[in-house]
Amino acid sequence: MIRLFFTLLLFLCALPQYARAADFDYSAFAQIPVLHEGRIKPLDSFARLHLKRFSGQSHVRDLSPSAWLAQTLFDPARATETKLFFVQNKDLKMQLGLPLDQKLFSVIELQGALAPTLSQIPALLAKEDGALTPAQNEVLQLHDDVLQYLSLMRSFSMILPLNIDLPEKYSDSAPNYLALYPVQDDILRDVKRIIKVKGDNIERYSKDEQKLAALSYQLTILQNAAQNNQSLAIFPQGGPGGWRAPWQVFAHEDLTLWQNLAAAYRSNNAQHWRDISAQITQHAQDNTSATTPQKLKLEILYNRLKPYHVAMALYALSMLLIFAPARFIWAQASFSLAALAHSAAITARMMILERPPVGTLYESLLFVGLITALIALFIALKQQSRAALFAGGMATLLLLSIAPYLLQDGDSLEMLVAVLNTNFWLTIHVLCITAGYALCILSACLAHVALFLRLRGGAKDLLRKLQQNIYPISMFALLFTAVGTILGGIWADQSWGRFWGWDPKENGALLIVLWLIWLQHGRISGHMKPLHFLIGNAYLNVIVALAWFGVNLLGVGLHSYGFINGIAWSLGLFVAGETLLLSGLWIMIRIREKKPHEA
Amino acid sequence: MKMLRTYALRLAQADMVFWLMPALIALLLAGTIAQKWMGLYAAHQMFFSSFIFWVGPLPLPGGYLLLGILSINLTLKFLLGSEWRWSKAGINLTHLGALILLVGGLLTALTAHERYMVITEGQETPYMYDYIERELSIFVDEHLKYKIPFDKLPRTLSTLPFTIEIMSTCKNCEITKRAETQPDEFGDTALHGMAQFMALDPKPREKDPEADLSGLIFKVDGLDATQDGIYVAIEGMPAPIMLTHNEQIYHIMLGKAQSMLPFSLTLLDFVKESYPGTDKAKAFSSDIIIKDGDLEWPAKIEMNKPLRYKGYTFFQSSFERAGGVERSIFSVVENKGRLLPYIGTIILTAGLLLHIFMILRRPKKRKAS
C-alpha cells in the first residue's frame, strides 16, 4: 500500500507547475466547514492543526495555514517540495541519512529517507509503547504523518489535471480523473483488446495505443490510491455524521465549483479564487445545519487573535507596572484588560465547543488561571493591594505559560469521551474543583509574598493585611475543594454507581482537602504558629500540583484521561524547588527573628 | 464519670485533627502510589479497608482506624465541644456535615455490594455476578443443589452420594501442560477430562481481581471406576464437569459467585453512539424490559443515567460485540448509605458558607465598635 502511495507521488510530481498564489485572499476559503475529529470546524482550524502536527509551527515559510492547505490540495507538485516535516531527533536524522543541521524536510526528501525503514515498521508496531526508543517512536510518527499528508494531498486528485496526452478517442475530454471516470470502463476494455491483439510489450503499440495504456494505468493507480481517502470530509450529506470526502462523493456530487476553484488557484487568478471560494463557503453553509457562519467566523477569529497571548502580554505588562513609578491604577487597568481577554478566550471556546469550559487538562489550566486572576483582581481593586495583584498575576502567567506544553498536537478544541460528556455534573464538579485549585494557588502565592516580606522585615501593616487575606482565601479554598470533591463522588454515584473508590484523582482532591483541614485545625488548636501556617499555605502549590498532575503520572484509574508523558521531571523539579525554597525561607526567617532577642 | 468526661473532652479537641491529618495524608499518599504496583483493589484492601496493616514488622494504622478515631473525635466535638452560639453556627454545621459523610462512608463500607450482569440482546436474565468472589456450584439434573464460596471450600465434600476431595486450589492459576513423562503426583489414580493434559500452578494475583483465573483440582471417590479419579476445574470452562450416579446427572462448575435479582431484565437493544466521523464514543445506552412478577415495563439504561429499582442501581458499565451479537454489561449496586453523602454535602456546604460569611463580616464589626 505504502509503495503505491509513493508511486502515486511520482505521478503527482510530474504534474505541470504553474501556480503561484501569493496575493490570494484566503478569508472565504478559511471559512469552509469541514468535519474533523468529531466536530464541524472551519478549514482554517483544520489547516492549523495539520500544519502544527507536521511542522510543529504555525506557518511554513511565508504560507499561512490556509494558503498551505490550498497549495497541498491544488498544487501537489509544489507542495511536495515545501519544507514541511519537522525532524528533531539527531539519532533519527543520522539513521535516515538526513542532513543534521536541517530541521524541516519536504515530503520528497522524507520519502527517499524513509523507504529503507519500511521493512521495520511491522516489528515496531508490534512492540509495546514503552519499549520504543525516542527515535523509533519518531520513525513511526513520521511514517504516519507522511501517509496522512499524502492522503490529504490526494483529496482532490480527481479534479486536478493529469500530466498526460490523451489518446485521440478521448481527446475531447478534460484531462482529469473526474472527466474520464464515466469512460474508464471503456478505456480499460480498449486496453484489454489491444493486449489481446498485440500482447503486453508496449513497444509494439502505436503511439495512440501507448497513450491509451498509460492513461488506463494512471487512472487505475489514482483510483486505488484514493480509495478510502476520508481525510477531508467537506461535503455535508444528511445527518451530522454524514460528511464525506471528495473521493466518496465525486460520482454523484457536483464538483464544478471545486474544479473552478482549483483552476483559479492554478491559473493564479486572485479574483476568481476569491469569488469561487466565497460561493463554496456560502453553498456549504446553506447545506448544513450543524454549524453557523457566526460560529465558524468566531473560531477563525479565535485562531487568528491568539487571545491567550494577548492576555499574557497584558498580565506581564501589569506586573511591570506594579513596580514602575506609576499610579497603581495603570497596573490594575492592564490587569483588567488581560482578564477580559482571558475571559473572552474561554467564552469563545465554550461557544465553539458548546460545552462547559473545562474538559481537558489544558483547559483546566486556562480556567484555573482565569479564576486566580479574577480573585486577585477583586482583592487588588477592593484593598488597593499590590501584593495581591502581583501574587495573582505571577500565578496566572505561570499557568498560562505551562498550558501549551500539555497540548501534544496543537489545540484541537477536542470533543470529550462518553464518560465525561455529562454537562451538568461536568460543570458543577469540575468547575468547583478547579475554582478550589485557583484559590489554593492564590493563597499559596500570597503566602510566598508574605514570607518574603517577613524575611525582609518591616512592612508590618502590609504583612498583617496579607495574612488577613490568606485566612479567608484558604477557607474558601477548603469550601470549594471539599464541596467539589464530594460532588465528584456524587457524580460518580450518579454515573458509575460508586460514591468513592479511592481512585488516584479522587485521592488527589482529598489530599488538598485534608491539607487545608490540617492547616485550619493546626491554627485553631495553636499547634501551628502564624509562620508555620504561612509555610503550610505556601506549600499548597505543591499539594495542588501533585493532585492536579501527579496522579496522572500514575496512569491508573478512571481519571487517566489527562495522562501525559514527560511531565514527571518538571513536576519533580517543581516539588523539590518549592520544598527547598520554603524550608530555606523558614530557616532564614527563624534566624533573622531570633537575633534581636539575643542581642 | 467525671474522668470519662475529661477523656471525652480531650478526645473532642481540635488538636486531635491536627495530629490525625498527617497520618491520614501519609496513608492517602502511600495508598495512592501503591496502586501503580498493586492495582486499585489490593491497595484499597491493604491501606483503606483495614484497621492495621504491616510494613515488615511494623504495624501501621489503616483507613478504618484513622477514620474511626476521626469520627469519634468529630462526634464528641459536635456533642460536647460545640459552642452553641450564632457566631459558631457555621463551624457546627460543617462538623455535622462531615460527620454525616463519615457515617455514610461507614454504612457504604458495611452494606454496599457491587456486582455485574451480562445480557445478550434478546435475552432475559435475573442473574448477576460478583466481581471478586468465586464459587463452586453443583447441579443435580440441571437444578442447582450446592453453592460453596471458593474461599470456604472444605477439604472434603461428603454431602453428595460420592465424595469430593479437594486436592489443591489456586485463586489465580497458571495453566501448564501435564507432561506425560513427569512422575504422576496422584499415583495410580485415574485422570479425567482436562486433568489428563492440564496442571494448575498458583501465580500472583492480578492487579484487577476480576481478571484472576481461579481453579481447583479435586478427586472423586465412590462412583464407578470409569468416573473415580482426578478432575480439574477452572473458571470459565467451556462445559461443566459431568458425573452420573443412579441415573442422576451431576454438573460441577467454577465461576464468579452468582446471585439472583428479585426480578429480571431483558435486553432489547444496545446502542453505541459515536462522534461524527470518529470512533470516539459519545454515548452508550440499552433498551430493556423489567419483569417483576406479573408486571413488565420498558426502561432505558444510559451511560451516566442509571436505572434504580427496589434498592438496586443498574449502570451501563461496558459492552461486548462479537460475531454480530451485542451484549450489554451493567454494574449492579446495592448501597444503603446512598443518601447520606447528599445530605452531608448540603449541610457541609451551608456550614462552610455560613462560616466564611462570618469571617468576612468580622473586621467590619470591630470597626463599628
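Because the structure is a prediction, the values reported are computed rather than measured. (Residues numbered from 1 in each chain as written. Chains lettered and ligands numbered in written order. Predicted model: local features only at pLDDT ≥ 70, side-chain atom pairs only at ≥ 80, totals over all residues. Heavy atoms only, no water.)

Moving on: the overall build of chain A. Helix and strand content of chain A: 26 helices and four strands. Scored against the burial criterion, the 599 residues of chain A give a buried share of 56%. Long-range contacts, defined as pairs at least 24 residues apart, comprise 69% of the intrachain contacts of chain A with a sequence gap of at least 6. Summed over its atoms, the accessible surface of chain A is roughly 26300 Å², and 59% of this surface lies on carbon and sulfur atoms. (Helix = DSSP H or I, 4+ residues; strand = E, 2+ residues; numbered from the N terminus. Buried < 20%, exposed > 50% of the residue type's maximum accessible area, 1.4 Å probe, protein only. Contact = heavy atoms within 4.5 Å. Areas by Shrake-Rupley, 256 points an atom, 1.4 Å probe, with all protein chains shown as cover.)

What follows deals with the domain arrangement of chain B. Residues and elements named next belong to chain B. Domain boundaries in chain B define domain 1 (1–81), domain 2 (82–112 + 340–369), domain 3 (115–126 + 259–334) and domain 4 (132–257). A separation of 21 Å is found between the C-alpha centroids of domain 1 and domain 2. Between domain 1 and domain 2, the contact holds ten residues from the first and ten residues from the second. Here domain 1 meets domain 2 over a buried area of about 890 Å², counting both sides, of which 73% is carbon and sulfur. Looking only at domain 1, the three residues that lose the most surface to domain 2 are L74, K77 and F78, adding up to 61% of its buried area. (Domains from an automatic or database assignment. Buried area = accessible area lost by both parts, 1.4 Å probe.)

Moving on: the state of the cysteines. A full pass over the atoms with the stated rule returns one disulfide over all chains. For C170 of chain B, the disulfide goes to C173 of chain B, at an S-S distance of 2.1 Å. In this structure, the disulfide formed by C170 of chain B and C173 of chain B twists by about 110° around the S-S bond and is classed as right-handed. For C170 of chain B, a relative accessible area of 6% puts it in the buried group. Using a relative accessible area of 2% as the deciding quantity, one classes C173 of chain B as buried. No disulfide involves C432 of chain A; its sulfur sits 12 Å from that of C440 of chain A, the nearest cysteine. (Disulfide = S-S within 2.5 Å.)

This part takes up the interface of chain A and chain B. Listed per partner, the contact involves 50 residues of chain A and 49 residues of chain B. Approximately 4500 Å² of surface area, both sides summed, lies buried where chain A meets chain B, with 73% of it carried by carbon and sulfur atoms. When the buried surface of chain A facing chain B is broken down by residue, W502, W518 and L554 of chain A rank first, second and third, together holding 14% of it. Our enumeration of links across chain A and chain B arrives at one salt bridge. Residues D493 of chain A and R338 of chain B are paired through a salt bridge, measuring 3.1 Å at the closest nitrogen-oxygen approach. There are seven residue pairs in polar contact (both at pLDDT 80 or more) connecting chain A and chain B. Only α22 (460–496), α23 (504–525) and α25 (540–554) of chain A provide two or more residues apiece to the side of chain A that touches chain B. Sorting elements by how many residues they give to the side of chain A that touches chain B places α22 of chain A first, with 14 residues. (Salt bridge = Lys/Arg side-chain N within 4 Å of Asp/Glu carboxyl O. Polar contact = N/O pair within 3.5 Å; in protein donor to acceptor, adjacent residues only side chain to side chain.)

Residues and elements named next belong to chain A. Residues Y315, L451, I512 and W548 are the most contacted members of the largest nonpolar core, which totals 133 residues. The biggest single contributor to this core is helix α21 (residues 423–456), with 20 residues. The residues contacting I512, other than those within four sequence positions of it, are Y437, C440, T481, L540, I543, V544 and A547. Counting residues in hydrophobic clusters, the runner-up holds 78 residues, among them L152, I194, L219 and Y265. (Core = buried A, V, L, I, M, F, W, Y, C linked by side-chain atoms within 4.5 Å.)

Turning to the pattern of salt bridges, a few remarks are in order. Under the counting rule described, the total for this entry stands at 33 salt bridges over all chains. Residue E109 of chain A pairs with K83 of chain A through a salt bridge whose shortest N-O separation is 3.0 Å. Of this pair, E109 of chain A sits in helix α7 (residues 107–114) while K83 of chain A is found in the loop between α5 (76–79) and β3 (85–86), placing the two residues 26 residues apart along the sequence. The exposure class assigned to E109 of chain A is partly exposed, which follows from its relative accessible area of 26%. Residue K203 of chain B pairs with E206 of chain B through a salt bridge whose shortest N-O separation is 4.0 Å. The exposure class of K203 of chain B is partly exposed, given its relative accessible area of 32%. What makes E206 of chain B partly exposed here is its relative accessible area of 32%. When salt bridges with common partners are traced through the structure, they connect D44, R48 and R304 of chain A into a single cluster.

All names here are of chain A. Contact geometry of helix α3 (residues 43–55) with helix α16 (residues 293–305) gives a least axis separation of 8 Å together with a crossing angle of 40°. Taken as axis vectors, α3 and α16 run oblique relative to one another. Listed contacts from α16 to D44, S45 and R48 of α3 are E299, I300, N303 and R304. Classifying every residue of the contact of α3 with α16 by side-chain character gives one nonpolar, two polar and four charged. (Axes fitted to C-alpha atoms, helices over the stretch in contact; angles between N-to-C directions. Parallel < 35°, antiparallel > 145°, perpendicular 65-115°, else oblique. Nonpolar A, V, L, I, M, F, W, Y, C, P; charged D, E, K, R; others polar.)

Now for the packing of α23 of chain A against α25 of chain A. All names here are of chain A. Across the interface, α23 lies against α25 with an axial gap of 8 Å and an inter-helix angle of 170°. In this view, α23 runs roughly antiparallel relative to α25, as classed from their interaxial angle. Where α23 abuts α25, its residues P504, K505, G508, A509, L511, I512, W515 and L516 lie against L540, I543, V544, A547, W548, V551, N552 and L554. For the contact of α23 with α25, the residue count by class is 13 nonpolar, two polar and one charged.

All names here are of chain B. Together, F51, I52, W54, Y64, L65 and I69 give the surface a local cluster of nonpolar side chains, amounting to about 580 Å² of exposed area. Looking at the nonpolar patch, the element that brings in the most residues is helix α4 (residues 63–81), giving three residues. Turning to its location among the elements, I52 is positioned in strand β1 (residues 52–55). Judged by its relative accessible area of 46%, I52 is partly exposed. (Patch = residues over 30% accessible without salt bridge, like charges linked within 9 Å, V, L, I, M, F, W, Y side chains within 5 Å.)

To continue, consider helix α4 (residues 65–74) of chain A. Most of α4 of chain A sits out of view: ten of its ten residues are buried. Taken together, the buried positions of α4 of chain A are P65, S66, A67, W68, L69, A70, Q71, T72, L73 and F74 of chain A.

So, on to the side chain of T313 of chain B. Residues and elements named next belong to chain B. With respect to the helices and strands, the residue T313 is situated in strand β17 (residues 312–322). For T313, the side chain forms a polar contact with the side chain of R308, separated by 3.4 Å. Here T313 is in contact with P306, L307, R308, S331, V332 and V333, once residues within four sequence places are set aside.

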